[in-house]
Amino acid sequence: MIKNLSRWVAGMAALGMATQSMAQADGRWEGHIEIPGAPLHVKIALEQDADAWQGTIDIPAQGAVALPLSGIAVGTADDDGQRVEFAIRGVPGQPTFRGRLEGGEIRGRFEQAGASFPFRLGRQAVALARPQEPRPPFPYASENVRFESGAVRLAGTLTIPPGEGPFVAVLLISGSGLQDRDQTLFGHKPFWVLADHLSRAGIAVLRVDDAGTGQSEAHPSPPTLEDFAADADAGVDFLRADARIGTVGLIGHSEGGAVAPLLASRRDDIGFVVLLAAPGVPGDELMRRQNERIYAALGFGANRRDRLLGLLDRLFAMLKSDASVTTATPQVEAIVREQMQANGVPPAEQQDAQVSAAAAQALAPAMRAFLRYDPRPALTRTRVPVLALNGERDVQVDAEQNLPAIRAALADADNGDVETHRLPGLNHLFQTAVSGLPNEYGVLEETMAPLVLDGIRDWILARAGR
C-alpha cells in the first residue's frame, strides 16, 4: 500500500476471566473493539508469573504482532465480576482497556487519546472468513520460479493455463512496504485471488516476493522506487524469455501503480497497463490528501486537523529537501513530538525510542524518494492501453485527486486507449467498505470485489483479441 505517515494505532490489551481466582485471567482472549462501522479485531495473551502479570496484544488489521502490555491489573471478584485493566506500552494516546470479567467474557471500555469505545473479549476464537481464498483443484499449473535482478535473486510463482500458448501474461507489482507474492495484508491475499481469477480465464500471472521478504533476497542498501522498477523490469525479462508467453502486461497496485508506467514508458515490449489505486500526482500531494481524508474519517475537529496538516507540511518540506539525515533528524524528531502532542500524548509521556523510530521511518530513502516523485512524466510517455481503477472510499489514494491527473497525463501522451473508473463503495484494497479506513481491511470478509476481478479480466481479454 501507499505509505501512511499518520501513525495512529488503535490500542487494545489483555484481560482476565471471572469469579474467584486471578489466575483465571491467564490465557488467550479474542474479540473486538466496537468502533462504529469498523469493529477492530484483537487478540490478547495474559500470563501470571508469580505475583506479576505480563501480556501481549495482536492487532491483525494493523499488522501489529505481540505488542507488549503494561499496567496489567487483575482484581478480586465482586458482584460486578472481576476487574481487569491494561494498556498497550509505547503507543501514543495511552490506549487502555478497563473492564470486568464475568460469565467467561471481559467487557468494558477502550480509551485512547480522548476517544472511548466498548470492547468485548471471549475465549472463543474469532474466525476471520476469507471466502475468496483459492482452493484446489486448480485448472492451471503453478510453478515456483527464481530470477535475477542485478545482484538480488527474486522468487515468485507463475500460474499458467494448460496448453502450449502463447499466453497473455501479467506481472503483478505490489505497493509500498515489504509484501510477499500474495500481497498478504490483514489476513487477505489479494494477489493470489487476482492471479487465480485471471489464470482460470487463460491469462498467465507472475507474482513475486518483494526483495527482502519471502524467498527473495534483500537489496544491499535501502531500496527506492528505482530499485522497485529494476525488480519489475527483471520480472518482465523473465516472462519474455518463456516461449509459452506472448503479450506481457503490468498490473500495479498503489505504489506499484507508479512503477508500472515507469516500465511502460521505457520499454517497447509492454502490451498494456492496469493501474489499481495508482498515484497521479506527486507523492507529497498524495500523502497530504491521504492524511486529510483519514483525519476527517476519524472525526478529528477542525483545529486538531489543521494543526496536524500544518505539521505534515513542515515534515514533507524537510523530507523533500537536500538536508542530510544527520542534519534533518533533530528537526524531524521535533515535528514528531509536536504530532504526538496534537494526538493527546503530552511531552512527559513521549518515549525517546518511539520518537527516534518514527523519525527514522520518515527519513528512510524510499519515503523521501516517494515524496519527491511525480508520476506524470512517465504517464505522458505511456502509449499502451491503460485501465485505471480507484475506489470511491479509498482514503489512501484519493480517487478525485488522482484519477483526473492520470487521465490528463495520458491525454498528453495522445493515448487513445484509456479507461478510468471511480468505483462506488470500494476502499484502497478494492473491498466493499463502510468507512474506507485501514482498520476496516482485516474485518471485511471480501478480499477483492468481484466486479473488479471481472472487470480486469474482461478488459485484458478484450485487448488480447479473445
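Everything that follows concerns the structure shown earlier in this document.
This one's a predicted model, so the numbers in the text were calculated from it and none came from an experiment.

Now for the overall build of the chain. When its secondary structure is counted, the chain shows 11 helices and 16 strands. Here the chain has a C-alpha radius of gyration of 24 Å; the compact-globule value for 466 residues is 23 Å, and the two agree. A principal-axis box enclosing the C-alpha atoms of the chain has dimensions of 75 × 55 × 40 Å. When burial is assessed residue by residue, the chain has 53% of its 466 residues classed as buried. The contacts of the chain with a sequence gap of at least 6 include a subset with a gap of at least 24, amounting to 66%. Counting every atom, the chain has about 19000 Å² of accessible surface; 50% of that belongs to carbon and sulfur. Between the centroid of the 44 positive side chains of the chain and the centroid of its 57 negative side chains there is a distance of 2 Å.

The next subject is the packing of helix H4 (residues 283-297) against helix H5 (residues 302-320). Interaxial distance between H4 and H5 falls to 11 Å at its minimum, and their mutual angle equals 160 degrees. Here H5 runs roughly antiparallel to H4, going by the angle between their axes. The two elements H4 and H5 meet at a crossing, and its hand is right-handed. Residue-level inspection shows Asp284, Met287, Arg288, Asn291, Glu292 and Tyr295 of H4 in contact with H5, the latter providing Arg305, Leu308, Leu309, Leu312, Asp313, Phe316 and Lys320.

A few words now on the nonpolar core. Counting residues in each nonpolar core, the largest one holds 57 residues, and the members touching the most others are Ile251, Val332, Ile456 and Ile460. Tallying contributions element by element places H5 first for this core, with 8 residues. Those residues in contact with Ile456 that lie beyond four places of it in its chain are Leu194, Leu198, Ile251, Val274, Leu276, Leu387 and Leu389. In this structure, Val152, Ala169, Ile245 and Ile270 belong to the second largest nonpolar core, which totals 44 residues.

Time to look at the sheet that holds strand S15 (residues 386-391). Across the sheet, which stays open at both edges, the 8 strands sit in the order S9-S10-S12-S11-S13-S14-S15-S16 with mixed pairing between neighbours. On the outer flanks of this sheet lie strand S9 (141-149) and strand S16 (418-423), each paired with one strand and no other. Here the average twist between neighbouring strands, direction ignored, is 20 degrees. Inspection of the sheet shows strand S10 (residues 152-160) paired to strand S12 (residues 204-208) by 4 bridges, in the antiparallel sense. Within S12, the residue paired with Thr159 across the bridge is Val205. The sheet strands contacting helix H1 (residues 190-199) are S10, strand S11 (167-173), S12 and strand S13 (245-253), and the helix crosses S12 at an angle near 165 degrees. On top of the sheet, helix H11 (residues 450-463) reaches S11, S13, strand S14 (273-276), S15 and S16; it is set at about 170 degrees to S15, its chief contact.

Residue position: Asn415 is located in the loop between helix H10 (399-412) and S16. At 2.7 Å, the side chain of Asn415 forms a polar contact with the backbone oxygen of Val384. At 3.0 Å, the side chain of Asn415 and the backbone nitrogen of Asp417 are in polar contact.

For the rest of this paragraph, the subject is the pattern of salt bridges. Counted by the stated rule, this structure contains 30 salt bridges. Among the ionic pairs, Glu85 bridges to Arg98, the shortest N-O distance being 3.6 Å. Note that Glu85 is positioned in strand S5 (residues 81-88) and Arg98 in strand S6 (residues 96-102), a separation of 13 residues in sequence. Residues Glu400 and Arg422 are paired through a salt bridge, measuring 3.3 Å at the closest nitrogen-oxygen approach. In this pair, Glu400 sits in helix H10 while Arg422 sits in strand S16, placing the two residues 22 residues apart along the sequence. Connected via shared salt-bridge partners are Asp233, Asp237, Arg240, Arg267 and Asp269.

Omega for the bond connecting Pro136 with Pro137 falls within 30 degrees of zero, at 5 degrees, which places this linkage in the cis form. The topology assignment puts Pro137 in the loop between strand S8 (115-122) and S9. The omega angle of the peptide bond from Gly165 to Pro166 is 5 degrees, so this bond is cis rather than trans. The phi angle at Ser254 is positive, at roughly 60 degrees, despite the residue not being glycine.

This paragraph deals with the environment of Phe86. With respect to the element layout, Phe86 can be found in strand S5. Distance in space between the C-alpha atoms of Phe86 and Val273 is 49 Å, their sequence separation being 187 residues.

Procedures and definitions
- Residues numbered from 1 in each chain as written.
- Predicted model: local features only at pLDDT ≥ 70, side-chain atom pairs only at ≥ 80, totals over all residues.
- Heavy atoms only, no water.
- Helix = DSSP H or I, 4+ residues; strand = E, 2+ residues; numbered from the N terminus.
- Rg over C-alpha atoms; globule rule 2.2 N^0.38 Å.
- Buried < 20%, exposed > 50% of the residue type's maximum accessible area, 1.4 Å probe, protein only.
- Contact = heavy atoms within 4.5 Å.
- Areas by Shrake-Rupley, 256 points an atom, 1.4 Å probe, with all protein chains shown as cover.
- Lys, Arg positive; Asp, Glu negative; His and termini not counted.
- Charge placed at Lys NZ, Arg CZ, Asp CG, Glu CD.
- Axes fitted to C-alpha atoms, helices over the stretch in contact; angles between N-to-C directions.
- Parallel < 35°, antiparallel > 145°, perpendicular 65-115°, else oblique.
- Left-handed = near helix turned anticlockwise from the far one by under 90°.
- Core = buried A, V, L, I, M, F, W, Y, C linked by side-chain atoms within 4.5 Å.
- Pairing = 2+ DSSP bridges.
- Polar contact = N/O pair within 3.5 Å; in protein donor to acceptor, adjacent residues only side chain to side chain.
- Salt bridge = Lys/Arg side-chain N within 4 Å of Asp/Glu carboxyl O.

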